[in-house]
Structures are given as structure tokens and as C-alpha cells.
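Here is what each chain is made of, one letter per residue.
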Amino acid sequence: MAHGERSDQPRFIVIGAGMAGILAAIKLREAGFDDFTVYEKADRLGGTWRENTYPGIACDVPSHLYSYSFAPNPSWSRQFSPGAEIQAYFEDVARRHGIGTAIRFGEEVTRCAFEDGRWRIQTARGTSDTADFVIAATGVLHHPAIPEIEGLDSFGGAVFHSARWDHGVPLDGARVGVVGTGSSAIQIVSALVDRVASLTLFQRTAQWIMPVNNPAYSDAEKREFARNPAAMEEIRAAVSQAFIQGFANVLVDIESPLLQAIHDACVANLEGSVTDPVLREKLRPTYRAACKRLVMSPDFYQAIQRPNAALITERIERVEPSGVRTADGALRELDVLVLATGFRVDRFVRPMRVVGRDGVELDDVWNGGPSAYLAIAVPDFPNFFMLNGPNGPVGNFSLIDVAEMQVGYILQLVEQVRAGNCSEIGVSRAAMQRFDADRAEAAKSTIWATGCRSWYLDAGGLPTAWPWTFDRFVEEMQRPRLADYDLR
Ligand code: NAP
């Protein structure tokens, strides 16, 4: 499109058909943009919910909040519904909005380059395509982090990452080891302990556990939700406010009494739930609650106190054919070893190669760690926008809400092109620098910077997540500050 020329019908490429990619497709169509293709590397949509199928998987954001605002679901089975139900929800929403035909499955975008004013993509299969805009909806926690443990390959049993669960491996009556104590591990331990002969949890760092109940919705409640969607709206609004005011906003204020209350609730949970004083102390973290992402669980402390469960805090020395050898010399014999060791959060849209204006490589720009203006845009990459990109508000609240706001914001940027004000729009270097500097300064007074290791931190130990209140994010997303953008 030449500058000044109106185009009511620019073309879009959306990368990824997870929660955010499906959302982008629905919202593009709603805004009157019908010319788009969603490229998805897998053979099914669903992103995180397609990839993570481990026993016990559930979302710890209440289901009526972890839903698209425009697609409430009266059938959620529980307050925190299981992963398979969430996967089915996304498939259903995509089907109802007729998005399926716009998705090209089995097409991994390997290169994405800005050439002659348009984005050209190539896929692993050799497909190429061009578009005016790219929306990268490639996820945050996507690439499994496989720990470097000596002898891992020599293990004689089954070994797999929590996000690559091998459902062919029998678990009933097996001796199962789990490495890690993040949200994934905690859910796995609770789900497996009563099925397996023994459950050995290898803990490098103890976790604070926030107690939560997970009541099922009765048939009568579900009928009422279906009959009266306003009832779901009410729950959504109440839960959203509670999360924002009681959690998201206080993470960035280490002096907040609410943060102290969360800490106290976690301490009370530990002390009221774990009877053996030795085990209790092994489970007691030495940092403040919510420094790492807060783990929510109704039943982990019960699970780890079962007679067939063992908490191992000695360092893992190596893996041997028959099990895990710890630094105290003991060999823990196992049939199955689950690596619930988290994700490579520094990847974001990579390994896709993204080449911006004048051959600028995203890999080079992100050499010191990924960052993006308002988690959406990077200078020199005009008409390329991310959903849930680096520096966004990721935490214990709904990323769906975040993505919905971001799509609304991106569509306002696109509007500048549709209106003929420019043909390219990208964040300016000055705005990016200012954002990064302000962000680094603000990050110092967040709970994530209070002395623990977590996936919130970059290689230099600085928290990368949105360091301001959630309210500020909502405000920023209302309307782009066009002075921060280069329009060409
Ligand atoms: P994670 O929070 O990054 O936890 C990884 C765990 O593995 C940590 O306990 C870590 O120990 C341990 N670990 C890593 N490398 C190790 C090594 N070499 N030796 C020993 N231990 C090692 O990963 P996650 O549990 O998969 O969760 C990631 C995120 O996904 C969560 O924070 C959350 O945002 C999301 N999630 C959400 C839900 C939900 O319900 N909504 C469920 C699961 C996951 P250290 O603590 O010592 O580093």
C-alpha cells in the first residue's frame, strides 16, 4: 500500500492458533478485516492447553474469568476447570466463530521478513505468503526448559517434560519421580499420588502454596448460567476485581499490606496443613510469598504427606539407569521421571527468524533479552505486533483479558493505516528506550525483585513482567499514544 492510499482491506497473518491467535482472528473479522490467515505449527489449535495434558492440569484463574468476554461458558464444571475442558472451550469458540477455515495447520512459520513494505513469511513446509500486518500470538510459556542433569539420557524408565506428557506410559503402580515445584509439578503431584506406588518430589526450592477451594458447579447453577448470562457476568466482574485489586495491583508494591496478607495466608496454610515439623521446615520457603509466581492448590500439602510420597531436598547429582542419585549418595529408584522444570521464557517468538526494516534481526535486537513496548511492539518492526509479548502483565490473572485489550489497541494502530494516515506504523526508538528505562526502574520495587529465582527474571536478575499496576495497563491499552509511533 502506498502512503496516502486508503486500503479497507489490508491483509493479516496471525502466527499461532492458541488463545490469543483465535482471539485475533475473531476480532479481525469483527472489525471488518476478512483477509487473514492463521498459521499454526501443530495439527490442532489450543496452544498451551493443547500442549499441556499432564494429570491434574487445571487453570488456576477461575474459569468464568479465564474465558473470552464475548464467549461466556455456562458449562464450566468447576471454579477452576480442568485443562481438557479449556481446550474443548477454545475449539468450540473457534468453531462457532467459523475460524477453523482460516487456520493453516501443520505450518510452522520459520521466517518473517519486512520486505518492500510488506511482511513475507516462510514456513517449514516451504509455503510463502505476504501480508500488510503480522500478529504474533506465539505464547509466553511455550518452549520446555530441559534441565542439564548428568546422565538424563541414561535413564532406563520413561522420562518426559510436563508439557510433553507421554500418555502411553503406565502410571498406576509405578514409582514416579517429579523434578520441580512450580505450578505444574504441584498439580501433577496432587493428581498422581494416589495412583502410583511411590511419588518422589525433587525440590530445589520450596514454594509458598496459597490454599484455594475448587467447588464444582451444580447442574442447577449451570442451567441458571445458561438461562441468565448476567449471572456469569457478575461472577466474572467480581473475580476480576478481586484479582486486580487484591493481587495484580499489589505485586508491584512491596509495602502493600495486602501482599503481607497473602504471605500470612500461605504461612497459615503451611503451618495448619503439615504436621511433621521436619517436613514442614523443608517445605517452608525462605523468600516472600508471590516472589515466585504464587502456586495455588487445594490439596498439595495433603498429597505430599501421603505415606507413599517423599520430598527430597538433596541436590540431584545425576540420573542413572535405575533412578536419581542425590548429593547425599542415595539412589531413588524410579520407573518414570517427570521434568516439571518450566519453560524458556526468553524465547517468545523465536526460533522463528524475524527480520525487520533494513535487515534488522529480532535476534540481534533481543540479544540482551526480549523486550517490547507495552508488550506489543518493537522499533524497526513496523506493522508487526505481539499478543502477550515480553514485559506484559503475566501473573496469576487472566491472560485472556490482557490479550483482548491488546487486540483492541493493535486494531487502533491498524486503523491509522486503514484511514490512509500512513502505510507503516511502528513504535519509535525513543519511546522504546523510555519504556525500557522506566520499566527497569519500576521493576526494582516489585515483589519479584525481593530475592528469589523465578522465570520472571531476566539473565541479569531484573524482573521482566509489567512492573506497574494492572490498572495502568488497562489505561495504556485504551488508546495508543501516537506520538510514540513512527508513521510512514
Ligand atoms: P516453573 O514455575 O518455572 O517451575 C520449574 C520448577 O523446576 C522450579 O521448581 C525449578 O526450581 C525446577 N527446576 C528447574 N530446573 C531444575 C533443575 N535443573 N534441577 C532441579 N529443579 C529444577 O514451571 P511450571 O511449573 O511449568 O510453571 C510455569 C508457569 O506456567 C507457572 O508459573 C504459571 O505461570 C504457568 N502455569 C500455570 C498453571 C495454572 O494453573 N494456571 C499451571 C501450570 C503452569 P527453582 O524454583 O529452584 O528454580
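Relevant structure appears above.
Residues numbered from 1 in each chain as written. Predicted model: local features only at pLDDT ≥ 70, side-chain atom pairs only at ≥ 80, totals over all residues. Heavy atoms only, no water.

Engineer: I tried to follow the sheet that holds strand 14 (residues 316–320) on my own but got confused; where do I start?
Structural biologist: Strands in a sheet are paired, the pairing made by backbone hydrogen bonds, and the direction either parallel or antiparallel. Sheet architecture is open: three strands sit in the order 14-15-16, paired in antiparallel fashion. Taken across any chain shown, the strands that pair with only one partner, and hence form the sheet edges, are strand 14 and strand 16 (331–333). Here the average twist between neighbouring strands, direction ignored, is 25 degrees. Summarising the sheet, strand 15 (residues 323–326) and strand 16 pair through three bridges and their orientation is antiparallel. Residue pairing in the sheet places V324 in a bridge with R332 of strand 16. (Pairing = 2+ DSSP bridges. Helix = DSSP H or I, 4+ residues; strand = E, 2+ residues; numbered from the N terminus. Axes fitted to C-alpha atoms, helices over the stretch in contact; angles between N-to-C directions.)

Engineer: Is there a simple way to think about the packing of helix 5 (residues 219–227) against helix 6 (residues 229–248) in this case?
Structural biologist: Packing of helix 5 against helix 6 brings their axes to within 4 Å, and their N-to-C directions diverge by 105 degrees. Taken as axis vectors, helix 5 and helix 6 run roughly perpendicular relative to one another. The segment helix 5 lies against helix 6, with F225, A226 and R227 engaging P229, A231, M232 and I235. Among the residues forming the contact of helix 5 with helix 6, the class breakdown is six nonpolar, no polar and one charged. (Parallel < 35°, antiparallel > 145°, perpendicular 65-115°, else oblique. Contact = heavy atoms within 4.5 Å. Nonpolar A, V, L, I, M, F, W, Y, C, P; charged D, E, K, R; others polar.)

Engineer: Can you help me understand the pairing of strand 17 (residues 336–339) in this one?
Structural biologist: The side chains of a regular strand alternate, first on one face of the sheet and then on the other. Burial along strand 17 is two-sided: the face carrying V336 and V338 and the face carrying L337 and L339 are both buried. Sheet topology places strand 9 (residues 175–179) next to strand 17; four bridges connect them, and they run parallel. Looking at the pairing, V179 lines up with L339 of strand 17. (Buried < 20%, exposed > 50% of the residue type's maximum accessible area, 1.4 Å probe, protein only.)

Engineer: Just checking my understanding: could you explain the site of the ligand for this structure?
Structural biologist: Taken together, 23 residues surround the ligand, and among them S184, T205, K292, R293 and W455 come closest. Between R204 and the ligand, the recorded distance is 2.9 Å, taken from a side-chain N or O atom to an oxygen atom. About the coverage of the ligand: the protein hides 85% of its 910 Å² of free accessible area. In terms of residues, the shell around the ligand owes the most to one element, helix 4 (residues 183–192), which gives three residues. Classifying every residue of the shell around the ligand gives nine nonpolar, nine polar and five charged. Counting the residues that make up the shell around the ligand, at least three belong to each of domain 1 (12–143 + 344–487) and domain 2 (152–213 + 241–339). (Near = heavy atom within 4 Å. Polar contact = N/O pair within 3.5 Å; in protein donor to acceptor, adjacent residues only side chain to side chain. Areas by Shrake-Rupley, 256 points an atom, 1.4 Å probe, with all protein chains shown as cover. Domains from an automatic or database assignment.)

Engineer: So what exactly am I meant to see when it comes to the sheet that holds strand 4 (residues 109–115) here?
Structural biologist: Read across the sheet, four strands follow the order 6-5-4-18 without closing on themselves; strand pairing throughout is mixed. Since the sheet does not close on itself, it has two edges, and those belong to strand 6 (128–131) and strand 18 (353–355), each with one partner. Across the sheet, the mean angle separating the axes of adjacent strands is 15 degrees when strand polarity is ignored. In this sheet, strand 18 lies alongside strand 4 in parallel orientation, the contact comprising three bridges. Within strand 18, the residue paired with C112 across the bridge is V354.

Engineer: Help me understand the state of the cysteines, please; the structure alone is not making it clear to me.
Structural biologist: Each disulfide consists of a covalent bond between the sulfur atoms of two cysteine residues. Scanning the entire structure with this criterion turns up one disulfide. With its sulfur 2.2 Å from that of its partner, C291 forms a disulfide with C452. The S-S bond linking C291 to C452 shows a torsion near -100 degrees; that makes this disulfide left-handed. Of this pair, C291 sits in the loop between helix 8 (277–282) and strand 12 (295–296) while C452 sits in the loop between helix 12 (429–443) and helix 13 (470–478), and the two are 161 residues apart along the sequence. Accessibility classification places C291 together with C452 in one group, the buried group. Its sulfur unpaired, C59 is 18 Å from the next cysteine sulfur, which belongs to C266. For C59, a relative accessible area of 7% gives the class buried. (Disulfide = S-S within 2.5 Å.)

Engineer: Please explain the nonpolar core as it appears in this structure.
Structural biologist: Formed by 151 residues in total, the largest nonpolar core has its most connected members in Y68, F90, V176 and V178. The element that contributes the greatest number of residues to this core is helix 11 (residues 399–418), accounting for 11 residues. Two domains share this core, each providing at least three of its residues, namely domain 1 (12–143 + 344–487) and domain 2 (152–213 + 241–339). In this structure V176 touches L171, L192, V196, S198, L199, T200, L334, V336 and V338, once residues within four positions along its chain are discounted. Counting 12 residues, the second largest nonpolar core, distinct from the first, contains I149, I312, L334 and L339. (Core = buried A, V, L, I, M, F, W, Y, C linked by side-chain atoms within 4.5 Å.)

Engineer: Whenever I open this one, unusual backbone geometry confuses me. Can you help?
Structural biologist: Note: most peptide bonds trans; most residues except glycine with negative phi. In this chain, R350 is followed by P351 through a cis amide linkage whose omega measures 10 degrees. Within the element layout of this structure, P351 appears in the loop between strand 17 and strand 18. The backbone phi angle of F348 is positive, close to 45 degrees, even though this residue is not glycine. Structurally, the position occupied by F348 is in the loop between strand 17 and strand 18. A relative accessible area of 10% places F348 in the buried class.

Engineer: I keep staring at the packing of helix 11 against helix 13 and nothing clicks. Help me out?
Structural biologist: Put simply, helix 11 and helix 13 touch, their axes get as near as 8 Å, and they point 25 degrees apart. The angle between the axes of helix 11 and helix 13 places the two elements in the roughly parallel class. At the point where helix 11 passes helix 13, the crossing takes the left-handed sense. For the pair helix 11 and helix 13, the contacting residues are V402, M405, Q406, Y409 and Q412 in the first and F470, F473, V474, E476, M477 and Q478 in the second. (Left-handed = near helix turned anticlockwise from the far one by under 90°.)

Engineer: Looking at this structure, I do not really get the packing of aromatic side chains. What am I missing?
Structural biologist: The way to describe two aromatic rings as a pair is by their centre distance and the angle between their planes. Scanning all chains against the criterion turns up 26 aromatic pairs. Consider the rings of F12 and F33, whose centres lie 5.0 Å apart with planes at 55 degrees: the pair is tilted. One end of the pair, F12, is in strand 1 (residues 12–15); the other, F33, is in the loop between helix 1 (19–30) and strand 2 (36–39), and 21 residues separate them in sequence. Here the two residues F12 and F33 agree in accessibility, since each one is buried. When the ring of F435 is compared with that of W466, the centres are 6.2 Å apart and the planes differ by 35 degrees; the resulting orientation is tilted. Taken together, the residues F435 in helix 12 and W466 in the loop between helix 12 and helix 13 connect sequence positions 31 residues apart. For F435, a relative accessible area of 6% gives the class buried. According to the relative accessible area criterion, W466 is buried, its value standing at 2%. (Phe/Tyr/Trp six-rings, centres within 6.5 Å; stacked < 30°, edge-to-face > 60°.)

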